[in-house]
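Below, each chain spelled out in residue letters.
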Amino acid sequence: MNIGEVKNKAECPACKAAVEFTLVEIAAESSVTCGGCGASIKLTDKDGGAKKLIKEMNDITSQFPKKITLKF
Ligand SMILES: [Zn+2]
C-alpha cells in the first residue's frame, strides 16, 4: 500500500460537494477540481504534515525486508 495514494475527502468550500484528493497532491500543494461546481481548490500542506507523513510511512515500509529473518 502506498500511503500517498490513499484518498482523502473534503467539502468543496463553494458547493459542499465531496472532493477527493491524495496525500501526494497535498504534499505537492496542487489544485484539485471540484466535481460538483468545477471550482479549483488549492491544497495546502499546512506545516508540511502531508510530506512528513509520506516520508515516515516510506521509511517504515523500506525497513520491512531488513527486519524479516527467514529460517529454513
Ligand atoms: Zn464545488
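The structure presented is a predicted model; accordingly, all values stated were derived computationally and were not measured.

### Observations concerning the overall build of the protein
Okay, step 1: When helices and strands are tallied, the protein shows two helices and four strands.
Okay, step 2: Secondary structure elements in the protein, listed N-terminal to C-terminal, are β-β-α-β-β-α.
Okay, step 3: C-alpha atoms of the protein, sized along the principal axes, occupy 60 × 25 × 15 Å.
Okay, step 4: For the protein, buried positions account for 8% of its 72 residues.

### Notes on the environment of T69
Okay, step 1: By the secondary structure assignment, T69 is in the segment after α2 (49-67).
Okay, step 2: Residues T69 and G49, spaced 20 residues apart in sequence, show a C-alpha to C-alpha distance of 33 Å.

### Considerations on unusual backbone geometry
Okay, step 1: You will see that K16, though not glycine, has its phi angle at about 70 degrees, which is positive.
Okay, step 2: For K16, the location among the structural elements is in the loop between β1 (7-11) and β2 (18-22).
Okay, step 3: Within the chain, E29 stands out as a residue other than glycine whose phi angle is a positive 50 degrees.
Okay, step 4: For E29, the location among the structural elements is in the loop between α1 (23-27) and β3 (31-33).
Okay, step 5: For E29, a count of 12 C-beta atoms within 10 Å translates into the label exposed.

### Considerations on the pairing of β1
Regular strands have side chains that alternate between both faces of the sheet.
Okay, step 1: The pairing of β1 with β2 spans five bridges and is classified as antiparallel. By the bridge assignment for β2, K7 is matched with T22.
Okay, step 2: Turn length for the β1-β2 hairpin, with the two strands adjacent in sequence and antiparallel, is six residues, and the turn residue K16 shows positive phi of about 70 degrees.

### A word on the confidence of the model for the protein
Okay, step 1: This prediction gives the protein a mean pLDDT of 89; 93% of its residues lie at or above 70.
Okay, step 2: Across the protein, element-level confidence peaks in β3 with a mean pLDDT of 96 and bottoms out in α2 with 84.

### Digging into the environment of N2
Okay, step 1: When you line up the elements, N2 lands in the segment before β1.
Okay, step 2: For N2 and T69, which are 67 residues apart along the polypeptide, the C-alpha to C-alpha distance reads 24 Å.

### Focus: the environment of T61
Okay, step 1: Looking at where T61 falls in the secondary structure, it is placed in helix α2.
Okay, step 2: Here the alpha-carbon distance between T61 and N2, two residues 59 residues apart in the chain, equals 9.3 Å.

Cut-off values and rules
- Residues numbered from 1 in each chain as written.
- Predicted model: local features only at pLDDT ≥ 70, side-chain atom pairs only at ≥ 80, totals over all residues.
- Helix = DSSP H or I, 4+ residues; strand = E, 2+ residues; numbered from the N terminus.
- Buried ≥ 20, exposed ≤ 12 C-beta atoms within 10 Å, placed from the backbone.
- Pairing = 2+ DSSP bridges.
- pLDDT = per-residue confidence, 0-100.

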